[in-house]
Amino acid sequence: MRFIARFFGFVFATGAIVFLIGAVAAAGLIYVFSKDLPDTAQLRKYEPPVTTRMHAADGSILAEYSHERRLFLPGSAIPSLVKQAFISAEDQNFYTHNGVDPQGVFRALSVLAQGGRHVQGASTITQQVAKNFLVGNEHSIERKIREALISFRIEAAYSKDRILELYLNEIYLGLGNYGVAAAALNYFNKSVHELTLAEAAYLAALPKAPNNYHPFLHRERAIDRRNYVIDRMVTDGFVSREDSEKAKAEPLGVNPRVLSPNTYVAGFFAEEVRRDLLERYGEKKLYEGGLSVRTTLDPQMQAWTRKALADGLVRFDEAHGFRGPMRHIDIAADWGVALAEIPALGDVRPWRLAVVLETTDAGARIGLQPAHEKSGDVARERETGLLAQEGMRWTGHSPRSALTAGDVIYVEPLTGRDGQYRLRQIPEISGAMMAMDPYTGRVLSMVGGFSYDQSEFNRATQALRQPGSAFKPFVYATALDNGYTPSSSLLDEPISIVQSNGEVWSPENFEGERGSGPHPLRYGVEHSKNMMTVRLAKDVGMPLIAEYAKRFGVYDDMPPYLAMSLGAGETTLIRMVNAYSMMVNGGERIKATLIDRIQDRWGHTIYRHDERQCLACDAATWENQNEPRLIDKRTREERVALDSLTAYQITSILEGVVQRGTGVAIKAVGKHLAGKTGTTNEAKDLWFVGFSPDLAVGVFIGYDRPRSMGEGRAAQAATYAAPIFRDFMMVALKDKPDVPFRVPAGIKLISIDPKTGLRSQGAGTILEAFKAGTAPPDFYATPGGDGGVLATSPQDIDSQVGSGTGGLY
């Protein structure tokens, strides 16, 4: 007995010593590994990288920008079904352990020893939070120890709900998605609240190894893992057996969300906003700051703008003939594979790439590139059609003479002709078009070229082009604001200017048209007379015109040369449309914007375009108080670009351009419209900028490397730019009432003869706008070259037209 007692005493003493040594060793290890542990306090300030989202004006998502696709959701906003799915899949004892789950460790080892199909991880959700936020992914014993120690600290400092919130927003779930909100949206095109049991279970299956359960590459494995999670949820009491069986019978159902500005053919618009955000806030805030950007884009108007511009560019391009196929491929083997490898423009639908398989005089059989590429089976799809003779009529050739087997071309379905197509080609000519609210500067639509996929260069904001005659209204507005009237007489006769270098400049009218004598000021704009404009600019003074051009924002510092009065300087489309808007809005300065408002990740507004204040707009109740008023704190100089009476006068003159002048093609719209054509020397740029009472629109076309678009009347703005404006206004104003331009108080409308500018009654007269005290007399005394009176009545003026003997200017 004594021996037994001594033996047990020895064992006990040895055990105590070993225990003490182990405790000391453990304490030492804990001390060593605890010395440099990260501070868990940073979890309180958790601000993960969050996706910046760009919205159109109607709230639809236009684009997203991120390094990690993540949308932060508070834990209270995450449905219980989603939480339960992840707990069952990752940490069934989450609400009972203190950071490390010994039971889970033994269970994972047991499954591993038995060779189970579903290997279980031993890390708890808390440990995964520690790894993702504080420790890192290094594979080492030291990292696991530090992870466990930090997990204990996290559990002591934070609630279980907070820990779960951190986990569900941070975890990587494959296909570039971080967190359950982004994953739900991008896998199933749903919010987390719309997820079914099967969908929530699939997302919960992904943290273990997202690439192993890829929905397309490893579909069966993904379904197997999803069903395992559903079974775990049954075991944990979260769902019934009946519901689980229904969920397991469902297909995977992954439907990746396709989000691209091309959805709204708005690539140019979205990129312009992205560049603005980058300049304002820098790359980190743009791609990680979770900004919510409400843009001014009207998706419907954007589609109309793109169609009108594209149709106009194609119309010009096809009028200059077929340039041949894009390329040639070998169709002896598998034409589908070769055609699929050619990148197609994604923003020109319904155009599609096709390859010519065989030709006849009556048509060509073509093979079509799949409209929607599918991973792994694109090369096996074979769709054919007929390129009809009707679809090639614009080329002037038969299919057999223009094409050969193997030629790659673009085609478009013929309306009402199933399986038949029309030949298309990407235009060489380019251009831009945009529409704006003239009272706020909100850009409602913007297209910077034929295809953003082809070229990201935005010709609406980046291309510096000569506006030509589209600049003339600013010359005439300057004159009207400084003593001239719409009936002031100007000579349309040759003029020669001696320049500072001694050379003589003699501007001519379009196509060398001869002078036609004296005319009212209005006539010079309506018929775009260069000689009248130069005479006016010389009399008004180019320094003053340069000042007005700066007020309107057309140029920042325009050289005071007379040639600039004919639009020889370079500017952008967005500047021109913004400037024209100030005419129709009564002369108020506005600034073009593509952004209405920007909010940070917490919903605080950090930018708003409309800077006016509404001090009474936040009233809690209605107590018969006056309606709130918007307060504009700008000074008059900051607010006014042009006197409102002058603004109406130039608007009325520009309406005459549409009614009687170079923009008469637009008259077909049947609404009150105004604007001006612009054709530069050698027709290198063709413009039309104009407006309705509530919508300003501009368009220009030209080659990216400027060159002539033709000679004479075959290439002028009235032929190509104005019809694009017309086609857009046809649809944009289709359901809008025909509203006349607003006449400000102080304007007197007097019936005059548009040929002479004098008072007149009866047929052929128009209502002209005059300021108080500037109404026209019954006749003009027009001084001659020697100071004598040449004409005292309209009849006398008419008798001297073309004589070249004097005139006012």
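Quick caveat: nothing in here was measured; it's all calculated off a predicted structure.

Novice: Would you explain the environment of Pro256 in this entry?
Specialist: Tracing the backbone through its elements, the reader meets Pro256 in the loop between α10 (241-249) and α11 (267-288). In this structure Pro256 touches Asn186, Tyr187 and Phe216, once residues within four positions along its chain are discounted.

Novice: Looking at this structure, how should I read the pattern of salt bridges?
Specialist: Oppositely charged side chains can form a pair if their charged atoms are brought close together. The tally for this structure, following the rule as stated, stands at 46 salt bridges. The salt bridge involving Lys208 is made with Glu90; its shortest N-O contact spans 4.0 Å. Placement of the pair is Lys208 in the loop between α8 (197-205) and α9 (219-235) and Glu90 in helix α2 (residues 80-90), with a sequence separation of 118 residues. Classification of Glu90 by relative accessible area gives buried; the value is 9%.

Novice: Whenever I open this one, the confidence of the model for the chain confuses me. Can you help?
Specialist: Reading predicted coordinates in detail is not appropriate for stretches of low pLDDT. Mean pLDDT over the chain works out to 86, with 85% of the residues at or above the 70 mark. Contacts for the low-pLDDT stretch residues 373-379, under 50 throughout, to residues beyond four places or in other chains number seven contacts. Here residues 782-809 is modelled with pLDDT under 50, and outside its nearest four sequence neighbours on either side it reaches 48 contacts, counting other chains as well.

Novice: Got a minute to help me understand the pairing of strand β8 (residues 363-368) in this structure?
Specialist: Two faces, one strand: in a regular strand the side chains alternate between the faces of the sheet. Most of β8 is tucked away: five of the six residues are buried. By the bridge criterion, five bridges tie strand β7 (residues 352-359) to β8 in an arrangement that is antiparallel. Its bridge partner lying in β8, Glu358 is registered against Arg365. In textbook terms, the turn of a hairpin is the stretch between consecutive antiparallel strands, and for β7 and β8 this stretch comprises three residues. As defined by bridge partners, β8 adjoins strand β9 (residues 383-388) across six bridges and the pair is classed as antiparallel. Within β9, the residue paired with Leu368 across the bridge is Glu383.

Calculation rules
- Residues numbered from 1 in each chain as written.
- Predicted model: local features only at pLDDT ≥ 70, side-chain atom pairs only at ≥ 80, totals over all residues.
- Heavy atoms only, no water.
- Helix = DSSP H or I, 4+ residues; strand = E, 2+ residues; numbered from the N terminus.
- Contact = heavy atoms within 4.5 Å.
- Salt bridge = Lys/Arg side-chain N within 4 Å of Asp/Glu carboxyl O.
- Buried < 20%, exposed > 50% of the residue type's maximum accessible area, 1.4 Å probe, protein only.
- pLDDT = per-residue confidence, 0-100.
- Pairing = 2+ DSSP bridges.

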